[in-house]
Amino acid sequence: MKRKAFLWIIILLSFISVITAGCNSFENNKQETGERTAMQEDQTEGQAGQKSARGRYREEKIDFPLPMKNIFDVECNENGNVKVLFENEPGSLFYYESMDYGISWEQKEMGKEWLPPNYRVVSASFGAEGEIVLSAGKMSDDPLDEKHAIGEYSYFKIDNAEGDTTAQQLSLQLPEPKEINLESGYGLKQILLSGDGKLYGVFTSGNEEQINFQLFCFESDNGKVLWELDTDAAEIALFEDKIYLNEYSGKIKVLNAKSAEKAGDISIPLDNNFLSCMDTQKDRIFYCNENGIYGTDHNVALTELLVDGRLSSFVDETYSVKGLFSVSEKVFLVFVQSFSGADMEIFRYEYDADLPTQPEHELVVYSLKGNSVIEKIISDFQSAHPEVFVQYEVGMSDSSAKDETDAISSLNTEIMAGNGPDVLILNGLPWESYQEKGILEDLSADLGTYINEDKVFENFFSAYQTDGFQYVIPISFKIPALIGKEEVVSDVNSVEELLKTTENTEDLPPFFRNKQALLRYIFSIYWQRVEKEKGRISKEELKEVLENVKQINDVLQEKESELSKFFVGDEEREKNYDVFANDNWLDISNIKYGNVAMDLGYLSCRRDFLDVLNCDLSYQTLSDGVFSALIAGINKESDNIGNAEEFLGFALSDEEQKIFIDGMYMVIMGFPVNKAAFKDMVSQPSQNELEEYGKGLANFDETFEWPKDIDFEQFEKKIVSLDTPAMEDNIVIGTILENVTPYLSGEKEIDATVNEIAQSLELYLLER
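Remember, predicted model here, so these are calculated numbers, not experimental data.

Visitor: Would you mind showing me how to read unusual backbone geometry here?
Guide: Outside of glycine, negative phi angles account for most residues, and trans bonds account for most peptide bonds. For K515, which is not a glycine, the phi torsion comes out positive at approximately 55°. Residue position: K515 is located in helix α12 (residues 515-525). Backbone geometry places D616, a non-glycine residue, at a positive phi of 60°. Here D616 shows up in the loop between α18 (606-614) and β33 (618-621). Taking the relative accessible area as the measure of exposure, D616 reaches 60% and is therefore exposed.

Here it is, written out as structure tokens:
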């Protein structure tokens, strides 16, 4: 990642901190010694028994009646009664109940008059007989603080929450705060209420330099401290007479709730150990990680995989777990949230004795390099099709593949031997050669209905057709664009004009993209100039493009600032990192805050499009008709063509294409090729959604306006004119970058450079 103003640095660091925060993400946790899984047990029964075995948890996404941003507590009873306390915006508090094991939900009335104005609930907990305790603090006015609770917290106990509700403020015997303590939240950031009426909480005090943590136990009636315990940064969970104390050391301490005496340690692989991924019953502990949901005894002696992550949404890296709850051993609720901060979703897992233990079909999806969009589609497809197990193979993750050539050679060998994958994500692969050699299945008959019935933008599909046959389909698209003030960018549609505009930019760096990133980008979108005839390189055009890029790069170096040096950074890439898939950067804020005059990249999501218009900027497509797309095809020799076609049809469906409507910002990028999804994307949202969208700007006394219909109409006109896929062959780009470096540094003449590149490329294009 290469660029941002100071504001963006703050946002980015916050984003990274969320991603690295812990077991909230379905991250890498492997089965430990002593575990046994249902699948491992089945294998001992022999192949025949394996095929006939039945019984597996079925995943279902629950439609919750109200958007949910933050859950405070969930209480589950084996009779199917489930209660949840949550907020959907700072300062709100809602209480919902389900009587059917979490399938349907009903709001329970609970007044909020006891909560002081401009206060926000920090933590809340259910107790016995309808009691609820809460910790609350005043919301910050600092727009960068996102209304976090600050100052000294207040505590409340609500009796008979489901009936004649009464609320009382609690006076807990906590240390008096110092002035410096009140700059941030001071008090119980986690509060729990036991069945016998005792209060437990993690007390946080201090300042930015030093934060102190203590574990307290109180009498709830008079606030008297029964015991206290100094800890490191910690969180707690309460079950009957035990407290589970997690100090993020890799082990969880078990304490006696009455005395705080240590009763032992347990080791549960929660990755970075968040107790939100753990729940308990009388004789069982349940926990989850990216591999699924596990059940174990309280000594963690025998562990069983209950919900296989490979067959559920646990493989979806865009989710973080906010809570795992066992309604019973046969019903689990998992509350998740995407890293974009969107509303929470609820996945419900119920044991189905009739569902085959293992899916009846297997589908292999291959991509040269890892791709977050494909992982998301696989996860969604897996959830909707429990009868199919989808295996995702990444060519460059194989340790034997030293580079793209090795990985592609290995794939080709597999395909020729009849052992290749079923679905091919063709980005980075020689898909044109695959078409010519008959490797790909014609999809005209089964997926052609999307075009014939006008369900998709036909121009993207026709761009990949050969003699009327559809071997390659696009799933999403991006547009190469230059953004900036209209008078600056409106006439730029060639590399020559880009150079001229760059040279004419005064006072500011034109943009931050340079060196390898600039070369990669320019050759990707202007390749049709260089390869005028198939497999033949025009040395004249190659020379002209190279000379222009060198001059642009020289200008950028002359005008670079300390900020631009910071954001350019190190351009070394991991071999399995798909540069083109992740080259989505358009930084509107850098223009807005005067760091650069314009920006160069891919217009690839609604958020960027809205920000361009809202900042009174203009966008210009740089190369007529060129677009970048996520593309896929089916191996003609596959034994699972039916399931493969169903997978691609799912990826193009109205519902699945909605993942491209903002999706997970900075990870899932691209516009939908599906017209219904595109229409949803440009339709004006509800007033609440508009307010949510403009909330960040409102914090800085700026306003947000939804674009006019004509703005979207003009945008769609540009979209339907796109007809030329960008060149994103990593071997071609790698050859250019390898040979051009001495020329850019002045060590080699242009003609020698051009000859070397042309010779190498023509040999590769002939052989591929």
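Back to the text.
Visitor: For this particular structure, what's the right way to read the sheet that holds strand β7 (residues 119-126)?
Guide: Sheet strands line up and pair through hydrogen bonds in the backbone, either parallel or antiparallel. On the basis of which strands lie adjacent, the open sheet formed by four strands has the order β7-β8-β9-β10 and antiparallel pairing. Two strands lie at the open edges of the sheet, namely β7 and β10 (166-170), each paired on one side alone. For this sheet, the mean angle separating the axes of adjacent strands, direction not counted, is 30°. Here strand β9 (residues 149-159) runs beside β10; their pairing, made up of five bridges, is antiparallel. Bridging from a neighbouring strand, D159 pairs with T166 of β10.

Visitor: What exactly am I supposed to notice about the sheet that holds strand β12 (residues 198-206) here?
Guide: Across the sheet, four strands lie side by side as β11-β12-β13-β14; this open sheet has antiparallel pairing. Edge positions in the sheet fall to β11 (187-193) and β14 (225-231), since each of these pairs with one other strand and no more. Mean inter-strand twist for the sheet, computed between neighbouring axes without regard to direction, equals 20°. Here β11 pairs with β12 via six bridges, running antiparallel. Each bridged residue has a counterpart across the sheet, and for L188 the counterpart in β12 is F203.

Visitor: It is not clear to me how the pattern of salt bridges should be interpreted in this structure. Could you clarify?
Guide: If charged atoms from side chains of opposite charge come close, those side chains can pair. Using the criterion set out here, one finds 29 salt bridges in the structure. The shortest N-O distance in the salt bridge between K69 and D343 comes to 3.3 Å. Linking K69 in the loop between β2 (54-62) and β3 (70-76) with D343 in the loop between β24 (331-338) and β25 (345-356), this pair joins segments that are 274 residues apart in sequence. As a salt-bridge pair, K253 and E247 come within 2.8 Å of each other at their nearest N and O atoms. On the basis of relative accessibility, which here comes to 28%, the residue K253 falls in the partly exposed class. Note on E247: relative accessible area 15%, which makes it buried.

What counts, and where the lines are drawn
- Residues numbered from 1 in each chain as written.
- Predicted model: local features only at pLDDT ≥ 70, side-chain atom pairs only at ≥ 80, totals over all residues.
- Heavy atoms only, no water.
- Helix = DSSP H or I, 4+ residues; strand = E, 2+ residues; numbered from the N terminus.
- Buried < 20%, exposed > 50% of the residue type's maximum accessible area, 1.4 Å probe, protein only.
- Pairing = 2+ DSSP bridges.
- Axes fitted to C-alpha atoms, helices over the stretch in contact; angles between N-to-C directions.
- Salt bridge = Lys/Arg side-chain N within 4 Å of Asp/Glu carboxyl O.

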